[in-house]
Amino acid sequence: MTHIDAGAELDPVHPIPVPARATGLTAAEVAERTARGEVNDVPVRSSRSLTEIVRANVFTRFNAIIGVLWIIMLAVAPIQDSLFGFVIIANTGIGIIQEWRAKKTLDSLAVIGEAKPTVRRDGAAVAVSTSEIVLGDLIEIGPGDKIVVDGSCAEADGLEIDESLLTGEADPVVKKPGDEVMSGSFVVAGGGAFTATKVGREAYAAQLAEEASRFTLVHSELRTGISTILKYVQWMMIPTAIGLVISQLVVKEHGFKDSIARTVGGIVPMVPEGLVLLTSVAFAIGVIRLGRKQCLVQELPAIEGLARVDTVCLDKTGTLTEGGMDVADLRLLDGADETYVRKALGALGESDPRPNASLQAIVDAYPDSVDWRCTEALPFSSARKYSGASFSEGDGTVSTWLLGAPDVLLPPADPALDEIDELNRQGMRVLLLARVTRDLEDPGVREGAEPAALVVLEQRLRPDAADTLRYFAEQNVKAKVISGDNAVSVGAVAGKLGLPGAENTVDARTLPTDRSEMADALDAGTVFGRVTPQQKRDMVAALQSHDHTVAMTGDGVNDVLALKDADIGVSMGSGSEATRAVAQIVLLDNSFATLPSVVAEGRRVIGNITRVATLFLVKTVYSVLLALLVVCFQVEYPFLPRHLTLLSTLTIGVPAFFLALAPNKERAKPHFVRRVMRYAIPGGVLAGLATFVMYMVARHYYTGSGSLGAETSSATLTLFLISMWVLAIIARPYTWWRIALVAAMGGAFLLVLVVPWLQDFFALKLVGAVMPWTAVGVAAVAAAALEFLWKWVDRRFPA
């Protein structure tokens, strides 16, 4: 609430009293405090530093294992058997480069989207970056602004601050001069200014804000699932590797160095090292792609989260409609004088220094009445649904007016509501101007209000909103429109945009408070009006209680609480600073049409990583099984490292990279570990058994000095053909480039078998015709069994 006394200064242009304002710090004082280090120097980073990127990609547990084995192989075997080390170096380098590119994209977008607080210096209001605020700065604030440093309130104009994100207290706190304000809170109504008392790391929420804004790959089901898989792989790998080392050193039929080489050849493929790298690369490329569309991903898992969304809650204003409005009509009530009403509207518009979209339309339509002076003001609040002001008119008359939602200001049986309902059905937004006799500070100020006029506002529909809603409907994502406006009016707007179920409008004031009952009502309805900010938050929680993955979009301060609690918060770039601060995704171009791109990118990343993870883990399973069989049967390991490097490159490494970046529109499903392992375990077991059977058959067939090389070649051919069939299944549904990819990998292996120097390099030479064709037959049987087995798994263990 603002009171303006008679002794206030007069603006030379507007005769409305303007309170004397503090001038803030001088330029010299700012320079002095900056030199002393009293500056808000919290490093706000949207990404990891280059050092952290290199460390995260290089110093991993599996890289350490591979590195030790690589050094051993360089000492005891030809360079061909050390190729796996060079592949790891190349893969790690690719990961570093891609994440560095993503970092630069994120950093540049963060600068574009950074909010610049308004600071008063030398008596003038200037916008500065958050990091340039110094101790003692006078910072101006208004609706939607985030409090960026701790301070003491210096000016208050009906100032209400929401501290729920810090204290958990849902109700806004009215602030008066001298009251403390905390960083991390935000303004919901009114305006004012505060003096910075704590800056930098001393500010209450500085550390929290720094952590929240970092580029991170944690807290996602995908990353957690991969970590779980790697943990189990590690526990399987250690005893198996120990057994393999002992057995190969005991067997030693072909020399110590050869035994060491085959031991390493058995351990290396157990490590699914490329899976973690490929996930990082896929996320990084996703960030770069979205960055080109002016979409700032503030937390990387948001890409994954939006891919899993099945319900998106849309705020009408700023999402379905553009921020601006136009006055379409002025309808007088109870014989009110039009000239007098226009003066009242003009004075009301001038009474708020930071008008919202509705009031701005009135400001544009009705010029300020110069002989009316504002003596008290009540800023608009989305919780109460109206604003107000008291005036001293030119003839000395004192009047008090309210402007807001007609169904809030009028009694339920008022005849004017019928006319308002008809306008709402046409998609218009209607405000009621009413004169009141009570003081604005009175909680019952609206009681006995005398209606004077209806202000009919026409909303500007976003041209891209209809296509976006259609996309969500096609993708089986339920859209729920949640607005503070009249439900019928919101339903009419949604209907014009073709939203299915737009006729199912619900007044949120009739919603049950019980979470389960509210969730049932939300599942049944599509459009909800007269929703308070706290209700938005409750509605998100209710939907989540029914196992929905919820995305919330919005741009206003009334959306902050819901954005914070939703699985994914999406803010418009032009939205309030508080909204952008809590959202995981910011659409910098304010285009609602960008959302399908974000959803598609998330689905591409998650769907493809799930797909290629099967390739990596089939290899891990068959490698562990082969090692166990070798230990049990006390025979030499069938492969040298060069053989498995070749197989991994052609059947996993190269194909996985292309498949991970391919289009994929399937909605991401939960239970990543279960969905991957239900294919990887039977596929890997089948591949391992078939390969070992072929190896043992070849051992009985071949004799003489070159027998081990022939046996290895037959086993390699068998494993390659089975792995190719796994790849062929994973690559479905086929497109021309997928067929070309599989064919190219097969052609590359054929080239190794027929080119003499490649035969020597990879120690692959098929001897005779019987065993090679037997290998083909064994692989064909295994491939047929794999087709049957995976179809049976689909039926028996549905995802």
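Keep in mind that this is a model prediction, so the values were computed, not measured. (Residues numbered from 1 in each chain as written. Predicted model: local features only at pLDDT ≥ 70, side-chain atom pairs only at ≥ 80, totals over all residues. Heavy atoms only, no water.)

**Regarding the nonpolar core**
Soluble globular proteins tend to bury their nonpolar side chains together.
And then number 1: Ranked by internal contacts, the top residues of the largest apolar core, which has 136 residues, are Leu306, Ile585, Phe592 and Phe749.
And then number 2: Setting aside residues up to four positions removed in sequence, isoleucine 585 forms contacts with Cys295, Leu296, Ala302, Leu306, Ile568, Gly569, Val570, Ser571 and Val598.
And then number 3: By size, the runner-up hydrophobic cluster in this structure holds 25 residues, among which are Ala508, Met518, Met552 and Val557. (Core = buried A, V, L, I, M, F, W, Y, C linked by side-chain atoms within 4.5 Å. Buried < 20%, exposed > 50% of the residue type's maximum accessible area, 1.4 Å probe, protein only. Contact = heavy atoms within 4.5 Å.)

**With respect to helix 16 (residues 487–496)**
And then number 1: The buried fraction of helix 16 amounts to seven of the ten residues, a majority that puts the element mostly inside the structure.
And then number 2: Taken together, the buried positions of helix 16 are occupied by Ala487, Ser489, Val490, Gly491, Ala492, Val493 and Ala494.
And then number 3: Of the residues flanking the start of helix 16, the one acting as N-cap is asparagine 486, its side-chain oxygen 2.9 Å from the backbone nitrogen of valine 488.
And then number 4: Glycine 498 lies just past helix 16 and shows a positive phi near 80°. (Helix = DSSP H or I, 4+ residues; strand = E, 2+ residues; numbered from the N terminus. Polar contact = N/O pair within 3.5 Å; in protein donor to acceptor, adjacent residues only side chain to side chain.)

**Quick notes on empty space enclosed by the protein**
Empty space among the atoms can be located by rolling a probe the size of a water molecule over them.
And then number 1: By the definition in use, this model includes one cavity of 30 Å³ or more.
And then number 2: Approximately 50 Å³ is the volume attributed to the largest cavity.
And then number 3: What lines the largest cavity is simply Leu615, Val618, Lys619, Tyr622, Thr651, Ile652, Ser723 and Val726.
And then number 4: Elements that contribute at least two residues to the lining of the largest cavity include exactly helix 21 (595–633), helix 22 (641–660) and helix 24 (707–730).
And then number 5: Residue composition of the lining of the largest cavity, grouped by class: five nonpolar, two polar and one charged. (1 Å grid on protein atoms, 1.4 Å probe; cavity = no way out; pocket = protein on both sides within 12 Å on 5 of 7 lines; lining within 4 Å. Points joined across faces, edges and corners; volume = space filled by probe spheres on them. Nonpolar A, V, L, I, M, F, W, Y, C, P; charged D, E, K, R; others polar.)

**With respect to the sheet that holds strand 22 (residues 550–554)**
Paired through their backbone hydrogen bonds, the strands of a sheet run either parallel or antiparallel.
And then number 1: With mixed pairing, the eight strands of this open sheet are ordered in space as 11-24-23-22-12-19-21-20. Two strands in the sheet have a free side with no partner beyond their single neighbour: strand 11 (295–297) and strand 20 (505–507). Taking each pair of neighbouring strands and ignoring which way they run, the sheet shows an average axis angle of 20°.
And then number 2: Across four bridges, the pairing between strand 12 (residues 311–314) and strand 22 is parallel. If you follow leucine 314 over to strand 22, its bridge partner there is threonine 553.
And then number 3: This element, helix 16, spans strand 19 (478–482), strand 20 and strand 21 (527–529) of the sheet and lies at about 145° to strand 21. (Pairing = 2+ DSSP bridges. Axes fitted to C-alpha atoms, helices over the stretch in contact; angles between N-to-C directions.)

**Notes on helix 17 (residues 515–524)**
And then number 1: Within the sequence span of helix 17, burial applies to Met518, Ala519 and Leu522. For helix 17, the arc enclosing every buried residue in end-on projection is 100°, short of the 170-degree limit, so these residues lie on one face.
And then number 2: Here helix 17 starts with a cap whose side-chain oxygen sits 3.2 Å from the backbone nitrogen of serine 516, and that cap is aspartate 514. (Arc of directions from axis to C-beta.)

**Re the pattern of salt bridges**
And then number 1: In the structure shown here, the tally under the stated rule is 25 salt bridges.
And then number 2: For the salt bridge of arginine 460 with aspartate 326, the shortest nitrogen-to-oxygen distance reads 2.8 Å. Linking arginine 460 in strand 18 (residues 450–461) with aspartate 326 in strand 13 (residues 321–332), this pair joins segments that are 134 residues apart in sequence.
And then number 3: A residue is classified by how much of its surface remains accessible, and aspartate 326, at 35% relative accessible area, is partly exposed.
And then number 4: Between arginine 438 and aspartate 442 there is a salt bridge; the shortest N-O distance is 3.6 Å.
And then number 5: Judged by relative accessible area, which is 32%, arginine 438 ranks as partly exposed.
And then number 6: Connected through shared salt-bridge partners, Asp407, Asp507, Arg509 and Arg530 make up one network. (Salt bridge = Lys/Arg side-chain N within 4 Å of Asp/Glu carboxyl O.)

**Details of the packing of aromatic side chains**
And then number 1: In total, this model carries twelve aromatic pairs according to the counting rule given.
And then number 2: Through a chain of ring-to-ring contacts, three or more aromatic side chains come together here, namely Tyr340, Trp372, Phe391 and Trp401.
And then number 3: One residue, lysine 231, lies across the ring of tyrosine 232, its end atom 5.7 Å from the ring centre. (Phe/Tyr/Trp six-rings, centres within 6.5 Å; stacked < 30°, edge-to-face > 60°. Lys NZ or Arg CZ within 6 Å of the ring centre and 35° of its normal.)

**Points about the packing of helix 9 (residues 273–291) against helix 21**
And then number 1: Relative orientation of the contacting elements helix 9 and helix 21 amounts to 165°, with a least axis distance of 10 Å. Between helix 9 and helix 21, the angle falls in the class roughly antiparallel. Regarding helix 9 and helix 21, the two cross each other, and that crossing is right-handed. Of the residues in helix 21, those in contact with Glu273, Gly274, Leu275, Leu278, Thr279, Ala282, Phe283, Ile285, Gly286, Arg289 and Leu290 of helix 9 are Ser597, Val598, Glu601, Arg604, Val605, Ile606, Ile609, Val612, Ala613, Phe616 and Lys619. (Parallel < 35°, antiparallel > 145°, perpendicular 65-115°, else oblique. Left-handed = near helix turned anticlockwise from the far one by under 90°.)

**A closer look at the packing of helix 22 against helix 25 (residues 736–754)**
When two helices pack together, you describe them by how their axes are tilted relative to each other and by the distance separating the axes.
And then number 1: The contact between helix 22 and helix 25 brings their axes to 10 Å, and the two run at 160°. Of the possible angle classes, the one that applies to helix 22 and helix 25 is roughly antiparallel. In terms of crossing hand, the pair formed by helix 22 and helix 25 is right-handed. Packed against helix 22, whose contacting residues are Leu646, Leu647, Leu650, Val654, Pro655, Phe658 and Leu659, the element helix 25 presents Trp737, Arg738, Leu741, Met745, Ala748, Phe749 and Val752 at the interface.
And then number 2: In the contact of helix 22 with helix 25, the residues fall into 13 nonpolar, no polar and one charged.

**Examining the pairing of strand 16 (residues 398–404)**
And then number 1: Here strand 16 lies mainly inside the structure; six of its seven residues are buried.
And then number 2: Relative to strand 16, strand 15 (residues 386–392) is paired through seven bridges, and the arrangement is antiparallel. Bridge pairing in strand 16 places serine 392 opposite valine 398.
And then number 3: Between strand 15 and the antiparallel strand that follows it, strand 16, lie five residues; glycine 396 among them carries a positive phi value of about 95°.
And then number 4: Note: strand 16 against strand 17 (residues 429–436), five bridges, orientation antiparallel. Bridge assignment links leucine 403 to a residue of strand 17, and that residue is leucine 433.

**A word on the confidence of the model for the chain**
And then number 1: Per-residue confidence for the chain gives a mean pLDDT of 82; residues scoring 70 or more make up 91%.
And then number 2: pLDDT under 50 marks residues 2–20. Its contacts with residues more than four places away, or in other chains, come to 34 contacts.
And then number 3: Per-residue pLDDT stays below 50 along residues 209–218; that stretch engages in 26 contacts with residues further than four places along the chain or on separate chains. (pLDDT = per-residue confidence, 0-100.)

**Quick notes on a negative patch on the surface**
And then number 1: Judged by side-chain charge, Asp514, Glu517, Asp520 and Asp523 come together as a negatively charged surface patch.
And then number 2: Following the sequence through the fold, aspartate 523 ends up in helix 17. (Patch = residues over 30% accessible without salt bridge, like charges linked within 9 Å, V, L, I, M, F, W, Y side chains within 5 Å. Areas by Shrake-Rupley, 256 points an atom, 1.4 Å probe, with all protein chains shown as cover. Lys, Arg positive; Asp, Glu negative; His and termini not counted. Charge placed at Lys NZ, Arg CZ, Asp CG, Glu CD.)

**A short note on unusual backbone geometry**
And then number 1: Of note, the amide linkage connecting arginine 732 to proline 733 takes the cis form, showing an omega dihedral of -5°.
And then number 2: Tracing the backbone through its elements, the reader meets proline 733 in the loop between helix 24 and helix 25.
And then number 3: The phi angle at aspartate 334 is positive, at roughly 55°, despite the residue not being glycine.
And then number 4: Considering the arrangement of structural elements, one finds aspartate 334 in the loop between strand 13 and helix 11 (338–351).
And then number 5: For alanine 763, which is not glycine, the phi torsion reads 55° and is therefore positive.
And then number 6: Along the chain, alanine 763 falls in the loop between helix 26 (756–762) and helix 27 (770–796).

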